[in-house]
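# Fold and contact review
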2 protein chains.
Amino acid sequence: MTTAYPVTNRNRLRRRHERGHYDHATVHAILDAAMICHIAYVIDGQPFCTPTSFWREGERLYWHGSSASRMTRAQADGLPVCLTVTHHDAVVVARSGFHHSVNYRCVMAYGRARAVTDPQAKLRAVDAFIDRFYPGRAAALRPPTEQEVKAITIVGMEIDDAAAKIRSTGVADEEEDYATPVWCAVLPLRTVVGAPEECPRQLPGVTPDTSGMTGFAPGRRFDEVMLESYRAAYPT
Amino acid sequence: MTTAYPVTNRNRLRRRHERGHYDHATVHAILDAAMICHIAYVIDGQPFCTPTSFWREGERLYWHGSSASRMTRAQADGLPVCLTVTHHDAVVVARSGFHHSVNYRCVMAYGRARAVTDPQAKLRAVDAFIDRFYPGRAAALRPPTEQEVKAITIVGMEIDDAAAKIRSTGVADEEEDYATPVWCAVLPLRTVVGAPEECPRQLPGVTPDTSGMTGFAPGRRFDEVMLESYRAAYPT
């Protein structure tokens, strides 16, 4: 069964319809391959665009911030937000300026932000935030203190509607331009994990695989590590 | 002489003051190392967060879109926006959930968006958009047609105020937690250029270096390529 988000006035692609996707599977795969999103929200008529880490649980998205932050305080009680995730996959250079492009996978998700106030749900979310990125790691850490939990606000949002937009094709020029003698290509971009810079106070004998970090092998694509850790943390 | 943005109610960091920077040099270096930004703007009370490519000229930021797009039409005449650039440089895993973090360089820039309507300025901007990323490439392309120029809207924004926020340090745990036997590290992330997928209709004899593409050598860091091309296009 394919489930999809409703197509509304705000998530409907106005042009380039072939790049649009509204099905849950496509939207979720883009979200779950990311750690960082950008959130648009409005305070006193002023738009803000704040980057933060986030994760998904079913049709809910979660992020967090200091309880003292302007963003989390403003978002505590139903503020409309647009949460966007973008993977920049390539630059595409063509024979006319007009057809220069980029390949990307992005999702814009709409809903209303609310702080997680139930103490049990908040404690669970604080652990989920760790385990979603580093499966099993929360159990290896000491539990958060009461003061730490108080200092953090977890914000959640039900996805009311969302759209994915994807460009993943090659150079596309006007037919008459192919005779222009200019070098054209898709130049792929990949975000990869580097060699770990271990904490100078590392205890002897502790290893990545006893701490939920097996996925982060140097040279791996970060989006693949994120998708893998997501699926380990939330098996279907 | 150090010049800096005014510190206002909207750009002032509320916490983690040590991560904040308001000087032009720091803000510009983060902007100029990027191709993609996220822009927050509001239409009928609904915030949107749209990824797009952009560039800087002095204290002005420019981006573009289809003249038919909702974003560019809404932004034509003074709409307040927040333009954000984020480089995600590392994940930082610590001995408590609370001290897990990410290293990043980000800029939030505020201003009012306006379409570039002067025909000469618009033509110049259309070329600048190519040359900023691929220095000298616009001259190798055929000029844009009248119809193409009409189909594109170039939006510009004077930076009224802006703030950079940077975390670039290592694992920072509570003193009593260093005895916790869990593996901790900074795991660097790098976005790198891959091997080009050349256009299947490439003309014989054309090369990257005759087409403004010398910087995109496979394996190079994309942020470094962007900063280098920026400085070639806008020498100081």
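Along each chain, the written sequence defines residue order, and numbers are assigned to residues from 1. Here every chain gets a letter starting at A, and every ligand a number starting at 1, in the order they are written. Since the coordinates come from a predicted model, pLDDT governs what is reported: local features require at least 70, and pairs of side-chain atoms require 80 or more to be given and counted, while whole-chain, interface and lining totals use all residues. Only hydrogens and water are set aside when side-chain values are computed; all heavy atoms of the structure are taken into account.

### Details of the pairing of strand β6 (residues 101-115) of chain B
Residue and element names in this part refer to chain B. Partly exposed describes any residue whose relative accessible area lies between the buried limit of under 20% and the exposed limit of over 50%, with all areas from a 1.4 Å probe on protein chains only and scaled to the type maximum. Secondary structure elements follow DSSP: runs of H or I of four or more residues count as helices, runs of E of two or more count as strands, with numbering from the N terminus. With 12 of 15 residues buried, β6 is to be regarded as a mostly interior element. Sheet analysis places strand β5 (residues 77-93) next to β6, joined by 14 bridges and oriented antiparallel. Each bridged residue has a counterpart across the sheet, and for A90 the counterpart in β6 is N103. Between any two strands, pairing holds if DSSP finds at least two bridges. Relative to strand β8 (residues 161-167), β6 runs antiparallel, the two sharing seven bridges. Bridge pairing in β8 links C106 to K165. As paired strands, β6 and strand β7 (residues 152-158) are joined by three bridges and run antiparallel to one another. Considered in β7, the bridge of A113 is made with M157.

### Some thoughts on the pairing of strand β3 (residues 46-57) of chain A
All names here are of chain A. Across the 12 residues of β3, 12 count as buried, placing the element largely inside the fold. Side chains Q46, F48, T50, T52, F54 and R56 of β3 all project onto a buried face; the interleaved residues P47, C49, P51, S53, W55 and E57 project onto the opposite face, where all are buried too. Sheet analysis places strand β2 (residues 36-43) next to β3, joined by eight bridges and oriented antiparallel. Its bridge partner lying in β3, I43 is registered against Q46. A loop of two residues connects β2 with β3, the two strands running antiparallel in sequence, and D44 in this loop sits at a positive phi of about 50°. Pairing of β3 with strand β4 (residues 60-66), which is carried by four bridges, proceeds in the antiparallel orientation.

### Description of the relation of the copies chain A and chain B
Least-squares fitting of one copy onto the other uses the C-alpha atoms of those residues that reach a pLDDT of at least 70 in both copies. Between the two copies, chain A and chain B, the superposition gives an RMSD of 0.0 Å; the rotation angle is 180° and the shift along the axis is 0.0 Å. Each copy turns onto its partner about a two-fold axis. Closest approach to the rotation axis among the C-alpha atoms of chain A is made by T191(A), whose C-alpha sits 2.0 Å away. A shared binding surface is used by both copies, with 100% of the interface residues of chain A retained as interface residues in chain B. Contact between two residues is taken to exist if any of their heavy atoms lie within 4.5 Å; hydrogens are not considered.

### Quick look at helix α5 (residues 222-233) of chain B
At 3.6 residues per turn, the α-helix brings residues three or four places apart onto the same side. All names here are of chain B. What a helix should span is 1.5 Å times the count of its residues minus one. Between its terminal C-alpha atoms α5 stretches 16 Å, which fits the 16 Å expected from 12 residues at 1.5 Å a residue. Within the span of α5, buried status applies to F222, D223, V225, M226, S229 and Y230. Buried residues of α5, viewed axially, fall in a sector of 160°; they line one side. For this quantity, the arc is that covered by the directions from the helix axis to the C-beta atoms.

### Looking at the confidence of the model for chain A
Of the residues in chain A, 99% reach a pLDDT of 70 or more, and the chain-wide mean stands at 95. Taken over the whole predicted complex, pTM reads 0.97, whereas the ipTM for its chain interfaces reads 0.96. Every residue is assigned a pLDDT by the predictor, reflecting its confidence on a scale from 0 to 100.

### With respect to the packing of aromatic side chains
In summary, the pairing rule links any two rings of Phe, Tyr or Trp, Trp by its six-membered ring, whose centres are within 6.5 Å, and it sorts them by plane angle into stacked for under 30 degrees, edge-to-face for over 60 and tilted for everything else. In the structure shown here, the tally under the stated rule is 18 aromatic pairs over all chains. Ring centres 5.6 Å apart and planes at 20° place the aromatic pair Y41(B) and F48(B) in the stacked group. Take Y41(B) and F48(B): they sit in the same class, and that class is buried. By the ring-pair criterion, three or more aromatic residues cluster together here, those being W55(A), Y62(A), F129(A), F133(A), Y134(A), F216(A) and F222(A). The ring of Y178(B) carries the charged tip of R201(A) above its face, separated from the ring centre by 3.7 Å. We call a charge positioned above a ring when the Lys NZ or Arg CZ atom is no farther than 6 Å from the ring centre and deviates by at most 35 degrees from the ring normal.

### Comments concerning the pattern of salt bridges
For this analysis, a salt bridge means a side-chain nitrogen from Lys or Arg found within 4 Å of a carboxyl oxygen belonging to Asp or Glu. Enumeration according to the criterion identifies 30 salt bridges over all chains in this entry. The salt bridge involving D223(A) is made with R105(A); its shortest N-O contact spans 2.9 Å. Taken together, the residues span a long stretch of sequence, with D223(A) in helix α5 (residues 222-233) and R105(A) in strand β6 (residues 101-115) at a distance of 118 residues. A relative accessible area of 13% means that D223(A) is categorised as buried. On the accessibility criterion, R105(A) (19% relative accessible area) is buried. When the shortest N-O distance is used, the salt bridge between E18(B) and R16(B) registers 3.8 Å. For E18(B), a relative accessible area of 57% puts it in the exposed group. On the basis of relative accessibility, which here comes to 34%, the residue R16(B) falls in the partly exposed class. In this structure, a network of salt bridges that share partners links the residues D89(A), R105(A), R221(A), D223(A) and E224(A).

### What to know about the interface of chain A and chain B
Contact with chain A, which involves 84 residues of that partner, is made by 84 residues of chain B. For the pair chain A and chain B, the interface holds four salt bridges. Between E175(B) and R201(A) there is a salt bridge, with its nearest N and O atoms 2.6 Å apart. Residues adjacent in sequence count toward polar contacts only when both atoms are side-chain atoms; beyond that, a polar contact is any pair of N or O atoms within 3.5 Å, and within protein one must be able to donate a hydrogen and the other to accept it. On inspection of chain A and its partner chain B, the count reaches 40 residue pairs in polar contact (both at pLDDT 80 or more). Mapped onto the side of chain A that touches chain B, the elements with two or more residues apiece are β2, β3, β5 (77-93), β6, α4 (146-151), β9 (185-193) and β10 (197-198) of chain A. Note on residue classes: Ala, Val, Leu, Ile, Met, Phe, Trp, Tyr, Cys and Pro are nonpolar, Asp, Glu, Lys and Arg are charged, and everything else, Gly too, is polar. Here the side of chain A that touches chain B is composed, by residue class, of 50 nonpolar, 18 polar and 16 charged.

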